[in-house]
Amino acid sequence: MGRGKRSVAIFLALLLSFAMIMPIGATDISSEEQKAKEIEEQKQNAENEEAQISANLNKILDEMVEIRNSIAKKMDEIQAKEVELAAAKAQVDDQYEAMKLRIRFMYESGNTQFIEVLVKSKNFSDLINNAEYVQMVSSYDRNMLTQFQDIVTEVERQEKELKAEHEQLENMQVELQAKQASVETMLASKSQEVKELGAALAQQNEKVAQMKEAAAEAARIAAERAAAAAASTPVYGTGGASLISGNGQFAHPNPVGRISCGFGYRTHPIFGGSDFHKGLDLASPTGTPIYAADAGTVTTAGYGPSTGNWIVINHGNGLLTYYMHASALFVRSGEQVSRGQNIAAVGSTGDSTGPHLHFQVMLNGTAVNPALYL
């Protein structure tokens, strides 16, 4: 038997055990269906949130791609500015060297004042800013060097701005990476929530299905029992000779019977699940004589949906014996019977899986092991 069917069988066994006091009705099933609906709504909301978080994560990933592209582009621009700056500085150096050659030529031609300019000037900027010698530098050299120096200054400014923008982009990338990690954690948590709600929903739906199946089966069995009770009347007949067998307190009710189920816990043969068997099942062919265990008064001789044709004998002092599932009864309620009297015949009426006698001993309202009396 599969796990699902076994669960239904156990559930049904419990249902039938308490059917008279705790019936499963439409209200109970409706309540469990409402719980399933609530879980399904929670799952749907969680799935919607999961989809939104996933969309946010995709947006962050797209932004990171854009930032990476911008960083790469900015790096190219910085590299271009570095090349441009190197070229501008080279032009300044070339112009400066050319000017020094002209000053040297002037010196060699007898103008010694330019030597003092070169000696006192640490670099080009110092040279052109030295007001005392500005007029000694040709207008052309001064203008060209000033122009080149301005170019260098501008390129350096642009390069500095590009590097600042590059650093800003890298900071944005770091922030997006942190945000990505946070959103991925949220997504993992929400995905786990969806998974757990899905499992809870499946479990609740299984519970509802089991309740419906059990209720339907209980209704079917109840209908069958009602129909059997309405249609069945005890089969009465004439008993055969008496037989006293065994040396216990009671005569054996079915000496040829084989014990097919003992007293105590068992797996129910019809409904499955654990069940406490309150008597002895003595299997034998239909029609096998059933004998009274002891003298007493017949308090019940009739038909029950579960017991089938059955007899209850009161032996006094709180001691009763039950004889169930008979094919025919040979005594009626109110009769006095003797020990070993043939009171019925073995059958398979009521809840039975085959011809047998269910023999049960009750002492002060409690079932006791019949084997102790045989």
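Residues numbered from 1 in each chain as written. Predicted model: local features only at pLDDT ≥ 70, side-chain atom pairs only at ≥ 80, totals over all residues. Heavy atoms only, no water.

1. Digging into the pattern of salt bridges
Part 1 of the argument: One pass over the full model with this rule turns up nine salt bridges.
Part 2 of the argument: Across the salt bridge formed by Arg339 and Asp294, the nearest N and O atoms sit 3.5 Å from each other. Placement of Arg339 in the loop between β10 (336-337) and β11 (342-345) and of Asp294 in the loop between β5 (289-291) and β6 (296-304) is noted, with a sequence separation of 45 residues between them.
Part 3 of the argument: When its relative accessible area of 24% is taken as the criterion, Arg339 is described as partly exposed. (Salt bridge = Lys/Arg side-chain N within 4 Å of Asp/Glu carboxyl O. Helix = DSSP H or I, 4+ residues; strand = E, 2+ residues; numbered from the N terminus. Buried < 20%, exposed > 50% of the residue type's maximum accessible area, 1.4 Å probe, protein only.)

2. Some thoughts on the environment of Ser242
Part 1 of the argument: Looking at the element boundaries, Ser242 is found in the loop between α5 (139-231) and β1 (258-261).
Part 2 of the argument: Residue classification places Ser242 among the partly exposed residues on the basis of a relative accessible area of 47%.
Part 3 of the argument: In this structure the C-alpha to C-alpha distance between Ser242 and Ile343, which are 101 residues apart in sequence, comes to 8.9 Å.
Part 4 of the argument: Apart from residues lying up to four places away in sequence, Ser242 is in contact with Tyr291, Gly340, Gln341 and Asn342. (Contact = heavy atoms within 4.5 Å.)

3. Observations regarding the nonpolar core
Part 1 of the argument: If you look at the biggest cluster of nonpolar residues, it comprises 23 residues, and the most contacted ones within it are Ile290, Ile311, Ile313, Tyr323 and Ile343.
Part 2 of the argument: For this core, the secondary structure elements donating two or more residues are β6, β7 (308-316), β8 (319-326), β11 and β12 (356-363).
Part 3 of the argument: In contact with Ile313, other than residues within four places in its own chain, are Ala292, Asp294, Gly296, Thr297, Val298, Leu319, Leu320, Thr321, Tyr323, Val337 and Ile343.
Part 4 of the argument: Of all hydrophobic cores here, the second largest spans ten residues; its members include Ile60, Ile67, Leu176 and Val183. (Core = buried A, V, L, I, M, F, W, Y, C linked by side-chain atoms within 4.5 Å.)

4. Section: the sheet that holds β11
Part 1 of the argument: With antiparallel pairing, three strands are arranged side by side in an open sheet as β5-β11-β9. Edge strands, defined here as strands with exactly one partner in the open sheet, are β5 and β9 (328-329). (Pairing = 2+ DSSP bridges.)

5. A word on the pairing of β8
Part 1 of the argument: The buried count for β8 comes to seven of eight residues, which makes it a mostly enclosed element.
Part 2 of the argument: Of the strand pairs in this sheet, β7 and β8 are connected by six bridges, and their pairing is antiparallel. Bridging across to β8, Asn309 finds its partner in Ala326.
Part 3 of the argument: With antiparallel pairing between neighbouring strands as the criterion, β7 and β8 make up a hairpin whose turn holds two residues, including Asn317 at a positive phi of roughly 60°.
Part 4 of the argument: For β8 and β12, the ladder comprises six bridges, and the chain directions are antiparallel. Paired with Tyr323 across the strands is Phe359, a residue of β12.

6. Comments concerning the confidence of the model for the protein chain
Part 1 of the argument: This prediction gives the protein chain a mean pLDDT of 80; 73% of its residues lie at or above 70.
Part 2 of the argument: Across residues 1-23, where pLDDT falls below 50, the model places 30 contacts with residues more than four positions away in sequence or in other chains. (pLDDT = per-residue confidence, 0-100.)

7. A look at unusual backbone geometry
Part 1 of the argument: Positive phi, close to 60°, is recorded for Asn317, a residue that is not glycine.
Part 2 of the argument: Unlike most non-glycine residues, Asn364 shows phi in positive territory, near 55°.
Part 3 of the argument: In this fold, Asn364 is placed in the loop between β12 and β13 (366-368).
Part 4 of the argument: By relative accessible area, which is 61% here, Asn364 ends up exposed.

8. Comments concerning the packing of aromatic side chains
Part 1 of the argument: A full pass over the atoms with the stated rule returns five aromatic pairs.
Part 2 of the argument: Arranged with centres 5.2 Å apart and planes meeting at 20°, the rings of Phe250 and Tyr373 form a pair that is stacked. Taken together, the positions of Phe250 in the loop between α5 and β1 and Tyr373 in the segment after β13 put the pair 123 residues apart, joining distant regions of the chain.
Part 3 of the argument: Relative accessible area serves as the criterion here: at 11%, Tyr373 is assigned to the buried category.
Part 4 of the argument: In textbook terms, an aromatic cluster arises when at least three aromatic residues are bridged by ring pairs, as seen for Phe263, Tyr265 and Phe276. (Phe/Tyr/Trp six-rings, centres within 6.5 Å; stacked < 30°, edge-to-face > 60°.)

9. A short note on the environment of Pro253
Part 1 of the argument: Here Pro253 shows up in the loop between α5 and β1.
Part 2 of the argument: What makes Pro253 buried here is its relative accessible area of 0%.
Part 3 of the argument: Expressed as a C-alpha distance, the spacing of Pro253 and His358, which sit 105 residues apart in the sequence, is 9.9 Å.

10. Describing the environment of Gly279
Part 1 of the argument: As for its placement among the helices and strands, Gly279 is situated in the loop between β3 (274-277) and β4 (280-283).
Part 2 of the argument: You can call Gly279 buried: its relative accessible area is 0%.
Part 3 of the argument: For the pair Gly279 and Phe263, spaced 16 residues apart in sequence, the C-alpha to C-alpha distance is 5.1 Å.
Part 4 of the argument: What Gly279 contacts, discounting residues up to four positions off in sequence, is Cys261, Gly262, Phe263, His358, Phe359, Gln360 and Pro370.

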